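If you want the building blocks of each chain, they are given just below.
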Amino acid sequence: MIAEYGAFALIMALVSASGLTLLPMWGSFSGNGSAMNSAKPLATALFLFAAISFGFLVAAFLQDDFSLVVVANNSNSLLPWFYKFSAVWGNHEGSMLLWVLVLCAWTFAVALFSSELPQVLYARVLSIMGLIGVGFIAFSLFTSNPFARNLPDIPADGRDLNPLLQDPGLIIHPPILYMGYVGFSVAFAFAIAALLGGRLDAAWARWSRPWTNAAWAFLTLGIMLGSWWAYYELGWGGWWFWDPVENASFMPWLAGTALVHSLAVTEKRGVFKSWTVLLAIASFSLSLLGTFLVRSGVLTSVHAFAADPERGLFILVFLLIVVGGSLVLYALRAPAVNSGIRNAWLSRETLLLFNNVVFLVATLTVLFGTLFPLLMDALGQGKYSVGPPYFNAVFVPLMALLIPIMGIGPFTRWRQDDAGRWTKYLAVSAASALAAGLALPFLGQGFNLWVALSVLLAVWIVGGLVIDLHLKKSGAQSWSLVFGRQTASYWGMVLAHFGFAMCVISVVVVTQWNVEKDLRMAPGDSAELSGYRFDFHGSGSITGANYRGDEGVFTVYYQGQRLTELRPQKRQYLASGQVMTEAAIDAGFTRDLYVALGEALGKDGAWSVRLHYKPLVRWMWIGATLMGFGAFITLADRRYRRAKAHLRQGREALTYG
Amino acid sequence: MHPKRKKRLIVVLAVVVLSSLGIGLVTYGLRGNINLFYPPADVIAGKAPVGQSIRVGGMVVEGSIQRSDNSLDVRFEVTDYAGTVPVLYSGILPDLFGEGQGVVAAGKLDTLGIFVADEVLAKHDENYMPPEVAEALEAAGKKI
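Residues numbered from 1 in each chain as written. Chains lettered and ligands numbered in written order. Predicted model: local features only at pLDDT ≥ 70, side-chain atom pairs only at ≥ 80, totals over all residues. Heavy atoms only, no water.

Residue and element names in this part refer to chain A. Looking at chain A, the domain boundaries give domain 1 (2-320) and domain 2 (515-618). Each partner contributes to the interface: domain 1 provides 19 residues, whereas domain 2 provides 20 residues. For the pair domain 1 and domain 2, the summed buried area comes to about 1,500 Å², and 51% of that belongs to carbon and sulfur atoms. The largest contributions to the domain 1 side of the interface with domain 2 come from Leu 78, Pro 163 and Tyr 231, which together make up 36% of the buried area. (Domains from an automatic or database assignment. Contact = heavy atoms within 4.5 Å. Buried area = accessible area lost by both parts, 1.4 Å probe.)

If you want it as structure tokens, here you go:
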């Protein structure tokens, strides 16, 4: 009965979402207070029903209920319980239900934490969240029902979860990524509600900002986890492939980064309003586009589940309605273009505008590279693929263009600044960046132009942050006073920019200095890689809970000293027969050593072996984590709470005054 | 239309046109980084360019995989049942590579008609078939 209860709860969620779409929206236009007030209970009901439905699906997986098609196709009685749990979203139907659950959770969170908003805005924001909910719950129910039964032939056991997905990283990567992906729906709902009401002001930006930062933080962490998972689980040692589905999550991230920065301008200075609204619409539209690309199976990708044209069509139509509808609304309602420039050339507004243009162009080039194969195929021009060289060639110069500005932005004043105030500090920053760029590569493998440039740019970013603190101290105050006076938003920005600097160094160093060898190794063979010696001692059989396989044994020596032992595996999963590479990694702050087995060759116990030396590769994930946490810290800013308290007072005064 | 809105529409259109133009230029300059897929039948018919980066895909012919004894060189044949192309590769093959499986190889065709691959991609799970391969097989009249 579990499946029927789950499906019923999902239907109830659809009913609640429909109510949430219609009732508060109607109330906001007709001035019906009780209709508007229904938004909160309806959002709560929506979340509860979605959670119940999801809970039933989880229960079905944990109980090995193979009468359900998804469970039979994606789980197996031999799976450890936590993989049975994550198998819930290791397939199309379940991952769409997770999408729905995350959307409903965001809706509920808005209902809970933004109840201080003006009544009309509150009702409309939730209404729009409800509308998105209707679309996706309907998609789930009508095209990819996770509760469909396998009757009457119930299989004795399931076909197992794809072994690639049997990994702790995959337990957390999809939910976190979806939190980010779907989280932009909140920024979108605020933007549409503001367009409907015709009121776009600094207050609107202040309300929408923490939600946007939260979504951006989740998306950053989600992408980081995906990259980390690909690195250790796919067995090629790559961390970013410019795979269409990676791009699908990266495009909303790029647009979202522009949005996070332009919201700052709108909140602080009340300008860039229409631009910010457009970015909010773009970020969420790109999330939807990503969902379409992943779920329709139109692209070849490691993420694609089996294709189904009907599903693709449904999302495509929904995408067109959302994007088309919001752009029409935007064209009709966006405030007039402000031709009068209210800020000087040298001001934080200008620099942030530059940031926005760079991120927008980056988004468009990635979008183009991703859609190009689809476009050419649709035009009958053949089946193209656009590889990493294209993306690297357009993306890397854009980021390099961004960084010089990043080193000035933090301490430039709003409205107008006088460069004379800080040119001498900037000279120090430039000199140290140059010195570091020239000197630090010698700590690695000697001078390399690209590494030198990356160090230079990273030090320049950090230099900008230091100058900023120094300027803030100006005078005889103590450091503790200066530190104590800074807001949470400020520290969040510092952390995120610092994390970005780490990523810049890491990406360039690991690309330039990565050493990779594919070898044939027989027992007793040894190989040398960047000063590390890998001795291969042969392989033996292993047996796991749901797999059998071989395990190679390697000892690693550095400068004659025994460093560690690495045991990469080659597994064959029993239920599906699928073969999987489990790389062995010796992780370190300055370098990773990576060993993966290819396949057994010949009779002498030889294997094809992949050895990697990856300098500073961890910095990328550490940097991205800092960026994510930086964005989370901004949520603690008192400004957002003060705004609430202020509003509450205002409303009480209205009610009782 | 309201003149202000008209102005905005023009601005939006200008941005759209300019950015598409920019991207078009970027793509034009990077044509070398974009590669086209050819089914084996087209390669045999001489429709595929020699010495350019292209992709070839199909099923790995049963019994065609030959390995070198002292290196990672491997030779196999890829077919869409309307044509068969020999492929040379040096390196580690993906986990799901095998006889009778669908693969896509990226590399260059040499003058002898041998495809020298620098990358071999197999499907990533049991039920998945690269769309290019599925279509090539379908075009060659063979259902999978």
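All names here are of chain A. Taken together, the 4 strands give an open sheet; going across it, the order is 2-11-10-9, and neighbouring strands pair in antiparallel fashion. Looking along the sheet, the strands with just one partner apiece sit at the ends: strand 2 (515-521) and strand 9 (584-586). Between one strand axis and the next, the sheet turns through 15° on average, direction left out of account. Against the sheet, helix 9 (residues 202-233) engages strand 9, strand 10 (591-601) and strand 11 (606-615), with an angle of about 45° to strand 10. (Pairing = 2+ DSSP bridges. Helix = DSSP H or I, 4+ residues; strand = E, 2+ residues; numbered from the N terminus. Axes fitted to C-alpha atoms, helices over the stretch in contact; angles between N-to-C directions.)

Turning to the packing of helix 10 (residues 244-269) of chain A against helix 13 (residues 348-378) of chain A, a few remarks are in order. Residue and element names in this part refer to chain A. Running from N to C, helix 10 and helix 13 point in directions that differ by 160°, and their axes come no closer than 9 Å. Accordingly, the angle class assigned to the pair helix 10 and helix 13 is roughly antiparallel. For helix 10 against helix 13, the interelement crossing comes out left-handed. Counted together, Pro 244, Asn 247, Met 251, Trp 253, Leu 254, Ala 255, Thr 257, Ala 258, His 261, Ser 262, Val 265 and Arg 269 of helix 10 and Glu 349, Leu 352, Asn 355, Asn 356, Phe 359, Ala 362, Thr 363, Val 366, Leu 367 and Thr 370 of helix 13 form the full contact between these two elements. Looking at side-chain class alone, the contact of helix 10 with helix 13 contains 12 nonpolar, 8 polar and 2 charged residues. (Parallel < 35°, antiparallel > 145°, perpendicular 65-115°, else oblique. Left-handed = near helix turned anticlockwise from the far one by under 90°. Nonpolar A, V, L, I, M, F, W, Y, C, P; charged D, E, K, R; others polar.)

For the rest of this paragraph, the subject is the nonpolar core. By size, the foremost hydrophobic cluster in this structure holds 187 residues, and its most contacted members are Trp99(A), Trp106(A), Ile137(A), Leu195(A) and Trp253(A). Counting the residues that make up this core, at least three belong to each of domain 1 (2-320) and domain 2 (515-618) of chain A. Residues contacting Ile137(A), with those up to four places away along its chain left out, are Leu10(A), Ala13(A), Leu14(A), Ala17(A), Leu46(A) and Val100(A). If you look at the next biggest cluster of nonpolar residues, it comprises 23 residues, including Val87(B), Leu96(B), Phe115(B) and Val120(B). (Core = buried A, V, L, I, M, F, W, Y, C linked by side-chain atoms within 4.5 Å. Buried < 20%, exposed > 50% of the residue type's maximum accessible area, 1.4 Å probe, protein only.)

Before going further, it helps to spend a moment on the packing of aromatic side chains. Working definition: an aromatic ring pair is given by the centre-to-centre distance plus the angle between the planes. All names here are of chain A. Counting across every chain of the model gives 41 aromatic pairs over all chains. Judged by centre distance (5.0 Å) and plane angle (35°), the rings of Phe 188 and Phe 284 are tilted. Remark: Phe 284 occurs in helix 11 (residues 273-296) and Phe 188 occurs in helix 8 (residues 168-197); sequence separation between them is 96 residues. Relative accessible area serves as the criterion here: at 4%, Phe 188 is assigned to the buried category. Measuring from ring centre to ring centre gives 6.0 Å for Trp 240 and Trp 242, while their planes differ by 85°; the resulting arrangement is edge-to-face. The exposure classification of Trp 240 matches that of Trp 242, with both residues buried. Taken together, the ring pairs connect Trp 216, Trp 240, Trp 242, Phe 250, Trp 253, Tyr 390, Phe 391 and Phe 395 into an aromatic cluster. Arg 124 extends its terminal NZ or CZ atom over the ring of Phe 29, reaching a point 4.3 Å from the ring centre. A cation over an aromatic ring shows up here: Arg 571 above the ring of Tyr 547, its NZ or CZ 4.0 Å from the ring centre. (Phe/Tyr/Trp six-rings, centres within 6.5 Å; stacked < 30°, edge-to-face > 60°. Lys NZ or Arg CZ within 6 Å of the ring centre and 35° of its normal.)

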